Amino acid sequence: MSSETEIRPFRVGFPEAEVAELRRRVHATRWPERETVTDDSQGVRLAMMQDLARYWESGYDWGKCEARLNALPHFLTEIDGLDIHFIHVRSRHRDALPLIVTHGWPGSVIEQLKIIEPLTSPAAHGATAADAFHLVIPSLPGHGFSARPATTGWDPARTARAWVVLMKRLGYTRFVAQGGDWGAAVTQTMGIQAAPELAGIHSNMPGTAPADVTRAFERGDPPPAGLSGEELRAFAQLSRFYARHVAYALIMATRPQTLYGLADSPVGLAAFMLDHGDGTGQPGLVAQVLAGTLDSALTRDDLLDNITLYWLTNTGVAAARLYWENKADFFNAKNITIPYAISVFPDELYQAPRSWAERAYPHNLIHYNRLDRGGHFAAWEQPALFSSEMRAAFRSLR
């Protein structure tokens, strides 16, 4: 390979001095007063953040996460002038289906660590060798270990094209793609671009809303006439999201460079990331994770692994710029004609109705399933369920 297309091994490693500096900054946090309400309607609650900070400073061990990451094969390769980081785990089953899985915000490749073994070694997890995948898990540009763009232009469309380059560079001439959150935006854009090597896509946060419905919930208008009960519920979820829970996205979409606190204060970074709007009602979801009361595989250490990765790589502001770059809607039906599989988790931002999915993708919807648990970070929260969905979603494309 030439230097421009070379695939270079990568190892995760941060000096202990940087980890110690993180703890020092957490300890030195200047706290505001307590919120003036008895719920999280004003944002992430003081007591919860102070409890998390105490553990982050004195109980949390980043070294465990670093060791877990380094047990996997990591690589860097330059695509369109930018170094892209990715994890690449090949199944021992030669006929495994290549799958590229894209994380979102405020996520990272850490979201997908729990699905690697179930998808690459399915026989050890209640499935068969015929269900195996070769996995490619990249870090979005400006996120984690991928380079931070120094110029504009790295929107979901450019990233989607880069992912096709990456898969072809790895020798895959036929593959599928999956994503939620920004991963959904990238994956659906891959579906729109429809590279000949791309056999199909899956999303757990799909765009399905008809045009008139999208206009109404984005403007805060009443629902269009004639919606079913299931459709009205989805409309209400999306309307509530745009009315009450999208502020974090608006500041990143308009003034990402202003968010200097994400680079200067670990607790400021953590609070901003934990206040992500979720169907379960974050930061209430986070409070359940910290209390150990959520029916989920998500743990306090999982959350801090992800936040610490953002801190140590100093990618809080760089990641925010993706919102500024993006010009496309998230939830409207897309012009996708290749095979499309959809999984609906009950605590996602909205539960895409089957009627909308079938209307949006009448000839190419190959899988639609509603799950009984799981939310916005489905692979992280419910890795067994998510892995089962991946097997079912792409079985017809093998």
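Predicted model, so just to flag it, every value in this text is computed and none were measured.

Caption draft 1: Expanded view of the overall build of the chain. Across its full length, the chain holds 17 helices and nine strands. Rg of the C-alpha trace for the chain: 20 Å, near the compact-globule value of 21 Å for 398 residues, within the 12% margin. Based on the C-alpha atoms only, the size of the chain along its principal axes is roughly 55 × 55 × 45 Å. When the 398 residues of the chain are sorted by exposure, 57% land in the buried category. Across the chain, the fraction of contacts at a sequence separation of at least 24, relative to all contacts at a separation of at least 6, is 77%. With an accessible surface of roughly 16600 Å², the chain has 50% of that area assigned to carbon and sulfur atoms. When the 38 positive and 43 negative side-chain charges of the chain are each reduced to one mean point, those points stand 2 Å apart.

Caption draft 2: Representation of unusual backbone geometry. Along the chain, Trp105 connects to Pro106 via a cis peptide bond; the corresponding omega equals 0°. With respect to the element layout, Pro106 can be found in the loop between β4 (97–102) and α4 (116–120). Of note, Ala194 is a non-glycine position whose phi angle comes to about 50°, a positive value. Here Ala194 lies in the loop between α6 (182–193) and β7 (198–203). If you check the backbone angles, Asn314 has positive phi at about 50° while not being a glycine.

Caption draft 3: Spatial organisation of the pattern of salt bridges. One pass over the full model with this rule turns up 14 salt bridges. For Glu230, the salt bridge goes to Arg370, with nearest N and O atoms at 2.8 Å. Of this pair, Glu230 sits in helix α8 (residues 229–244) while Arg370 sits in strand β9 (residues 365–370), and the two are 140 residues apart along the sequence. The exposure class assigned to Arg370 is partly exposed, which follows from its relative accessible area of 37%. Across the pair Arg354 and Glu358 runs a salt bridge, and its minimum N-O distance is 3.6 Å. Remark: Glu358 and Arg354 occur in helix α15 (residues 354–360); sequence separation between them is four residues, near one turn of the helix. What makes Glu358 partly exposed here is its relative accessible area of 41%. Here the residues in one salt-bridge network are Glu21, Arg24, Arg25 and Asp264, joined through shared partners.

Caption draft 4: Focus on the packing of helix α2 (residues 46–58) against helix α11 (residues 266–274). The geometry of α2 relative to α11 is characterised by a closest axis approach of 11 Å and an angle of 125° between their N-to-C directions. Taken together, the axis directions place α2 and α11 in an arrangement best described as oblique. In terms of crossing hand, the pair formed by α2 and α11 is right-handed. Across the interface between the two elements, Met49, Leu52, Ala53 and Trp56 from α2 touch Pro266, Val267, Ala270, Ala271 and Leu274 from α11. Partitioned by chemical class, the residues of the contact of α2 with α11 number nine nonpolar, no polar and no charged.

Caption draft 5: Here's a closer look at helix α13 (residues 300–313). With 14 residues, α13 extends 20 Å from end C-alpha to end C-alpha; this agrees with the ideal 20 Å at 1.5 Å per step. In the segment just after α13, Asn314 is the residue with positive phi, at about 50°.

Caption draft 6: Highlighting the pairing of strand β6 (residues 175–179). In terms of residue burial, β6 counts as a mostly covered element, since five of its five residues are buried. Side chains of β6 alternate between two faces, with Phe175, Ala177 and Gly179 and Val176 and Gln178 buried alike. Examined bridge by bridge, β4 and β6 share four bridges and lie parallel to one another. When the bridges of β6 are listed, Val101 appears paired with Gln178.

Caption draft 7: Layout of the pairing of strand β2 (residues 74–79). In the sheet, strand β1 (residues 7–10) pairs with β2 via four bridges, with the strands oriented antiparallel. Opposite Arg8, over in β2, you have Leu76 as the bridge partner. Linking β2 to strand β3 (residues 82–89), which pair antiparallel, is a turn of two residues; within it Asp80 sits at a positive phi near 55°.

Caption draft 8: Up close: helix α9 (residues 247–254). Burial in α9 covers these residues: Tyr248, Ala249 and Met252. Buried residues of α9, seen end-on, are gathered within an arc of 95° and therefore sit on one face of the element. Tucked into the core, α9 has its buried residues touching α8, α11 and α14 (316–325).

Caption draft 9: Main features of the sheet that holds β4. If you walk across this open sheet you meet the nine strands as β1-β2-β3-β5-β4-β6-β7-β8-β9, and the pairing is mixed. Among the strands making up the open sheet, the edge pair consists of β1 and β9. Averaged over all neighbouring strand pairs, the angle between strand axes comes to 25°, with direction disregarded. Two elements, β4 and strand β5 (residues 133–138), share four bridges in a ladder whose sense is parallel. Paired with Ile100 across the two strands is Val136, which belongs to β5.

Rules used in this analysis
Residues numbered from 1 in each chain as written. Predicted model: local features only at pLDDT ≥ 70, side-chain atom pairs only at ≥ 80, totals over all residues. Heavy atoms only, no water. Helix = DSSP H or I, 4+ residues; strand = E, 2+ residues; numbered from the N terminus. Rg over C-alpha atoms; globule rule 2.2 N^0.38 Å. Buried < 20%, exposed > 50% of the residue type's maximum accessible area, 1.4 Å probe, protein only. Contact = heavy atoms within 4.5 Å. Areas by Shrake-Rupley, 256 points an atom, 1.4 Å probe, with all protein chains shown as cover. Lys, Arg positive; Asp, Glu negative; His and termini not counted. Charge placed at Lys NZ, Arg CZ, Asp CG, Glu CD. Salt bridge = Lys/Arg side-chain N within 4 Å of Asp/Glu carboxyl O. Axes fitted to C-alpha atoms, helices over the stretch in contact; angles between N-to-C directions. Parallel < 35°, antiparallel > 145°, perpendicular 65-115°, else oblique. Left-handed = near helix turned anticlockwise from the far one by under 90°. Nonpolar A, V, L, I, M, F, W, Y, C, P; charged D, E, K, R; others polar. Expected span 1.5 Å × (residues − 1). Pairing = 2+ DSSP bridges. Arc of directions from axis to C-beta.

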